[in-house]
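Residues per chain are reported as follows:
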Amino acid sequence: MKGATGESPVYDIERVRVLAEERTSLRGSLLEILHAVQDTLGYVDETAIPIIADTLNLSKAEVLGVVSFYRDLRQEPPAQTVVRLCRGEACQSVGAERLVARARERFGLDIGESSTDGRVSLDQVFCLGNCALGPSAMVDGRLIGRLDEATLDVLMAPRL
Amino acid sequence: MATVFVSMDSSARSVGADDVADAIRRAAEVRDLSVTIVRNGSRGMLWLEPLVEVETERGRVAYGPVTIQDVETLVDEGLFVGADHRLSLGSTEEIPWLARQTRYSFELVGLIDPLSPEDYEAHGGLSGLRKAITMQPAEIVELVTESGLRGRGGAGFPTGIKWETVLAAPTEDVKFVCANADEGDSGTFADRMLMEGNPFGLIEGMVIAGLATGATEGFVYVRSEYPDAIATMRTAIGVAHLRGWLGLNILGSHERFELSVRVGAGSYICGEETAMLESLEGRRGMVRAKPPLPAHAGLFERPTVINNVLTLASVPRIVADGPSVYRSFGVGRSRGTQVFQIGGNVARGGVVELPFGVTLGTLVNDFGGGTRSGRPIRAVQVGGPLGAYLPVAAFDVPMDYESFAAIDAMVGHGGVVVFDETVDMARQARFAMEFCAEESCGKCTPCRVGAVRGVEVIDRIIAGDHREANLVLLEDLCDLMASGSLCAMGSLTPMPVRSALTHFGNDFHRLPAALRSDASEPRSR
């Protein structure tokens, strides 16, 4: 699903066009198209933007404006594994900041950074809706509750 | 043959429910026992997850929290017949934490198989829709108004009045119903649990909203942080179509309603209703000025009902029961129940549905059992990141819209986040500003720029840099943000900040951590 990293740097522009054309009949389709492109190709490359704009009869600026507004939409290929630590208040109350510090001290990664080999990146999220069982994280789409330093080490270490 | 229930709620899964379900399946296979494992929603007793229930002659009995290491002995000691075990909790319905609640909106969550239409109907599902389809739109609106139902998203606007406005609004083609499932407030998870545990309840509520207002198309706007809820809703919508609960000729009538899921993309502000409309239209989630009200000119400038998930999911039963049952709950103008969500540093967190008017202390101490850390409670934030931080002294205040407004707080979406004595409230105030700076859509200057300035000012206060002058400046800034922003993001960010100042002022006057060489130099900015 989140391929397109590592071996195959080719960004399939034709696929973008197909994904966009399949969705033009949806109401307010731009965000749906961008989700589909990112789910399929891993990110929204700058070369995708004129194609989507052309399909929807929008300006490139309008499409880029939407891409840049939403935190989920990436303009670069993602790391193989994305660890998103929740920093909402409920997770703060049970030590979320300790986990952020742990990632920094042990793995040298700050929020928003990726390891140099592109295998793991650390990101933040404000609430995963797991507020009674925090601290929480989402790792490659999987929700993890009652996260502690030891589990975080296990999640990140083999990948670094 | 035994029937075992292991929740597929994402909170339960986050602490190993999938593994426990697998282990039970394998243990049964090895012993050549025939077992049905139902993946239900969560009962809401989240500290007991993974919770395992088994159907017995005495009703369901529960065990929890169960780990995969427990499964072998649990099965050997008679899980499938509901035998006693170290992890026994007895009859699920009689667990005091659950028995003391008034489950109305959450009635079916945890009880049924979320994706079984048979199960839904067997538990009273569709009776609201069957009744509504025989009624005139104005009668449905009247019934909902009469029930006293108010928007559960936080603002508490009377639902019937909103629907009446949409019903009366002329349109040349279409009207819409949008379920706001962009539950971004930290400390809230009831919308998620409802979608994962009773998706047909939301669907039925939306169809009834359509019948009541003349709307024929609907969207459920779900935040991307909820992948399980998205998947469950999509599957349920497919099932509902096949059953004739959606689409053309609903339940054999001439009524129609189309429904689809739309997924957000990581923007908190898209939970604000007009920003959500922009996002649904495929644009940046920028807040719109009101008027026009969405009820007059909402999605694609058409009359639009926008309700929170819990509001809509409460409608089927309100319609089925008639308005008086729901109305009989609650206090003053806050009628009905509220789904409180207890989280953060709390021993027994989860979903507590009770009539409005319960005190904060009852929720946090009686249900919550105090902190998870075992230290004394210092502060409770109610109503999400834009809600007030309250001290233990406020534990006697009844939780209803009006009483909370009177103490400069809000019930909001019912999130209750507990902090123990180690919390630094100046840091929490700073975080409120930081969050606003991160999530502001940028339309209003007081919010976009004010939040950044707020972080800077609080940093100076913490550092002991011209503290008194900066406290005055902070108050001024809060005033400006509260009165000069279009939506709740900018206008309510001062609420957590001011409440921290009011109730925990000492935290802003601590000896600076760094009374070091650089502290006496004023920072220029």
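Residues numbered from 1 in each chain as written. Chains lettered and ligands numbered in written order. Predicted model: local features only at pLDDT ≥ 70, side-chain atom pairs only at ≥ 80, totals over all residues. Heavy atoms only, no water.

S.K.: Sorry if this is basic, but what is going on with the interface of chain B and chain A here?
M.R.: When the parts of a complex come together, some accessible area is lost, and that lost area is often taken as the interface size. At the interface, 59 residues of chain B touch 39 residues of chain A. Surface buried jointly by chain B and chain A totals about 3700 Å² across both partners, of which 52% is contributed by carbon and sulfur atoms. For the pair chain B and chain A, the interface holds four salt bridges. Taken together, the links from chain B to chain A amount to 29 residue pairs in polar contact (both at pLDDT 80 or more). For the side of chain B that touches chain A, a count of residues per class yields 25 nonpolar, 21 polar and 13 charged. (Contact = heavy atoms within 4.5 Å. Buried area = accessible area lost by both parts, 1.4 Å probe. Salt bridge = Lys/Arg side-chain N within 4 Å of Asp/Glu carboxyl O. Polar contact = N/O pair within 3.5 Å; in protein donor to acceptor, adjacent residues only side chain to side chain. Nonpolar A, V, L, I, M, F, W, Y, C, P; charged D, E, K, R; others polar.)

S.K.: Before we go on, may I ask you to explain the side chain of Arg288(B) in this structure?
M.R.: All names here are of chain B. Positionally, Arg288 belongs in the loop between α12 (273-280) and α13 (294-297). Here Glu281 takes part through its side chain, which lies 2.7 Å from a polar atom of the side chain of Arg288. When neighbours within four sequence positions are excluded, Arg288 is seen to be in contact with Thr274, Leu277, Glu278, Glu281, Arg283, Ala297, Gly298, Lys443 and Leu486. (Helix = DSSP H or I, 4+ residues; strand = E, 2+ residues; numbered from the N terminus.)

S.K.: Explanation requested: the nonpolar core in the structure shown.
M.R.: The nonpolar side chains of a soluble globular protein tend to be buried, and buried together. By size, the foremost hydrophobic cluster in this structure holds 180 residues, and its most contacted members are Ile52(A), Trp163(B), Met195(B), Leu202(B), Ile203(B), Val220(B) and Leu363(B). Sorting elements by how many residues they give to this core places helix α10 (residues 199-213) of chain B first, with nine residues. Apart from residues no more than four positions distant in its own chain, Ile203(B) is found in contact with Met233(B), Ala236(B), Ile237(B), Ala240(B), Leu246(B) and Leu259(B). (Core = buried A, V, L, I, M, F, W, Y, C linked by side-chain atoms within 4.5 Å. Buried < 20%, exposed > 50% of the residue type's maximum accessible area, 1.4 Å probe, protein only.)

S.K.: Looking at this structure, how should I read the sheet that holds strand β15 (residues 389-391) of chain B?
M.R.: Working definition: the strands of a sheet are paired by backbone hydrogen bonds and lie parallel or antiparallel to each other. Residue and element names in this part refer to chain B. Ordered by their spatial adjacency, five strands build an open sheet running β13-β12-β16-β14-β15, and the pairing between neighbours is mixed. Since the sheet does not close on itself, it has two edges, and those belong to β13 (350-355) and β15, each with one partner. Across this sheet, the average inter-strand angle for adjacent strands is 30 degrees, counted without regard to direction. Bridge analysis of strand β14 (residues 377-382) against strand β16 (residues 415-420) gives five bridges, and the strand direction is antiparallel. Residue pairing for β16: Val380 is matched across the bridge by Val418. Most of the contacts of helix α22 (residues 494-503) go to β15, to which it runs at about 20 degrees, and overall it touches β14 and β15. (Pairing = 2+ DSSP bridges. Axes fitted to C-alpha atoms, helices over the stretch in contact; angles between N-to-C directions.)

S.K.: Even after reading the chapter, I still don't get the domain arrangement of chain B, so can you show me in this structure?
M.R.: Residues and elements named next belong to chain B. Assigned domains within chain B: domain 1 (2-95), domain 2 (117-327), domain 3 (329-420) and domain 4 (425-520). Here the C-alpha centroids of domain 2 and domain 4 sit 36 Å apart. The partner domain 4 presents eight residues to the nine residues of domain 2 that form the contact. Summed over both sides, the interface between domain 2 and domain 4 buries roughly 760 Å², with carbon and sulfur atoms accounting for 76% of that surface. (Domains from an automatic or database assignment.)

S.K.: Would you explain the pairing of strand β4 (residues 59-63) of chain B in this entry?
M.R.: It is a general feature of regular strands that their side chains alternate between the two faces of the sheet. All names here are of chain B. Among the five residues of β4, four are classified as buried, and the element is accordingly described as predominantly covered. Bridging between strand β3 (residues 52-56) and β4 involves five bridges; their strand directions are antiparallel. Directly across from Val52, in β4, lies its bridge partner Tyr63. What sits between the antiparallel neighbours β3 and β4 is a turn of two residues. As defined by bridge partners, β4 adjoins strand β5 (residues 88-91) across three bridges and the pair is classed as antiparallel. Within the sheet, the bridge partner assigned to Val61 lies in β5 and is Ser91.

S.K.: How should I be thinking about the pairing of strand β9 (residues 304-308) of chain B in this particular structure?
M.R.: All names here are of chain B. Of all five residues that make up β9, five are buried, and the element is covered over most of its length. Sheet topology places strand β6 (residues 176-181) next to β9; five bridges connect them, and they run parallel. Bridging across to β9, Ala179 finds its partner in Asn307.

S.K.: Just to check I follow, could you spell out the domain arrangement of chain A for this structure?
M.R.: According to the domain assignment, chain A consists of domain 1 (13-69) and domain 2 (81-159). Its C-alpha centre places domain 1 of chain A at a distance of 30 Å from the equivalent point of domain 2 of chain A.

S.K.: I would appreciate a short explanation of the layout of surface pockets in the present structure.
M.R.: Gaps left between atoms show up when a probe the size of a water molecule is rolled over them. Residues and elements named next belong to chain B. In this structure, the largest pocket occupies an estimated 1200 Å³ of space. Considering the residues around the largest pocket, the lining is formed by 45 residues, among which Gly153, Gly154, Ala155, Gly271 and Glu273 are closest to the centre. The greatest single-element share of the lining of the largest pocket, amounting to four residues, is contributed by β9. Classifying every residue of the lining of the largest pocket gives 20 nonpolar, 16 polar and nine charged. (1 Å grid on protein atoms, 1.4 Å probe; cavity = no way out; pocket = protein on both sides within 12 Å on 5 of 7 lines; lining within 4 Å. Points joined across faces, edges and corners; volume = space filled by probe spheres on them.)

S.K.: Hey, could you run me through unusual backbone geometry in this one?
M.R.: Excluding glycine, most residues fall at negative phi; most peptide bonds, likewise, are trans. The peptide bond linking Gly134(A) to Pro135(A) adopts the cis configuration, its omega dihedral lying at -5 degrees. Among the secondary structure elements, Pro135(A) is positioned in the loop between β2 (120-125) and β3 (137-139). Located in the positive-phi region is Arg146(A), a residue other than glycine, with phi close to 45 degrees. In this fold, Arg146(A) is placed in the loop between β4 (142-144) and α7 (149-156). Assessed through its relative accessible area of 36%, Arg146(A) is described here as partly exposed. Positive phi is not limited to glycine here, since Asp32(B) has a value of about 60 degrees. Relative to the assigned elements, Asp32(B) resides in the loop between α2 (17-30) and β2 (35-38).

S.K.: Quick question: what am I supposed to make of the environment of Arg348(B) here?
M.R.: Residue and element names in this part refer to chain B. Here Arg348 shows up in the loop between β12 (337-344) and β13. Accessibility expressed as a relative area gives 28% for Arg348, which makes it partly exposed. Taking the C-alpha atoms as reference, Arg348 lies 7.7 Å from Arg372; in sequence the two are 24 residues apart. Once residues lying within four places of it in the same chain are set aside, the contact partners of Arg348 are Trp47, Trp97, Asn365, Asp366, Phe367, Gly368 and Gly369.

S.K.: Just checking my understanding: could you explain the sheet that holds β9(B) for this structure?
M.R.: Residue and element names in this part refer to chain B. If you walk across this open sheet you meet the four strands as β8-β7-β6-β9, and the pairing is parallel. Every interior strand has two partners, whereas the edge strands, β8 (258-263) and β9, have only one. Strand-to-strand twist of the sheet, defined as the mean angle between neighbouring strand axes without regard to direction, takes the value 20 degrees. Both β6 and strand β7 (residues 217-222) contribute to a ladder of six bridges, which runs parallel. Directly across from Cys178, in β7, lies its bridge partner Phe219.

S.K.: How should I be thinking about helix α20 (residues 467-484) of chain B in this particular structure?
M.R.: A turn of α-helix holds 3.6 residues, and therefore any two residues three or four places apart point the same way. Residue and element names in this part refer to chain B. With 18 residues, α20 extends 25 Å between its outermost C-alpha atoms, agreeing within 8% with the 26 Å of an ideal straight helix rising 1.5 Å per residue. Taken together, the buried positions of α20 are occupied by Arg467, Asn470, Leu471, Leu474, Leu477, Cys478 and Met481. Projection of α20 onto a plane perpendicular to its axis shows the buried side chains occupying an angular sector of 120 degrees, all on one side. Turned more than 90 degrees off the buried face of α20, the exposed positions are Glu468, Val472, Asp476 and Ser483. In the core, the buried residues of α20 are packed alongside α18 (425-439), α19 (445-463), α21 (488-492) and α22. (Expected span 1.5 Å × (residues − 1). Arc of directions from axis to C-beta.)

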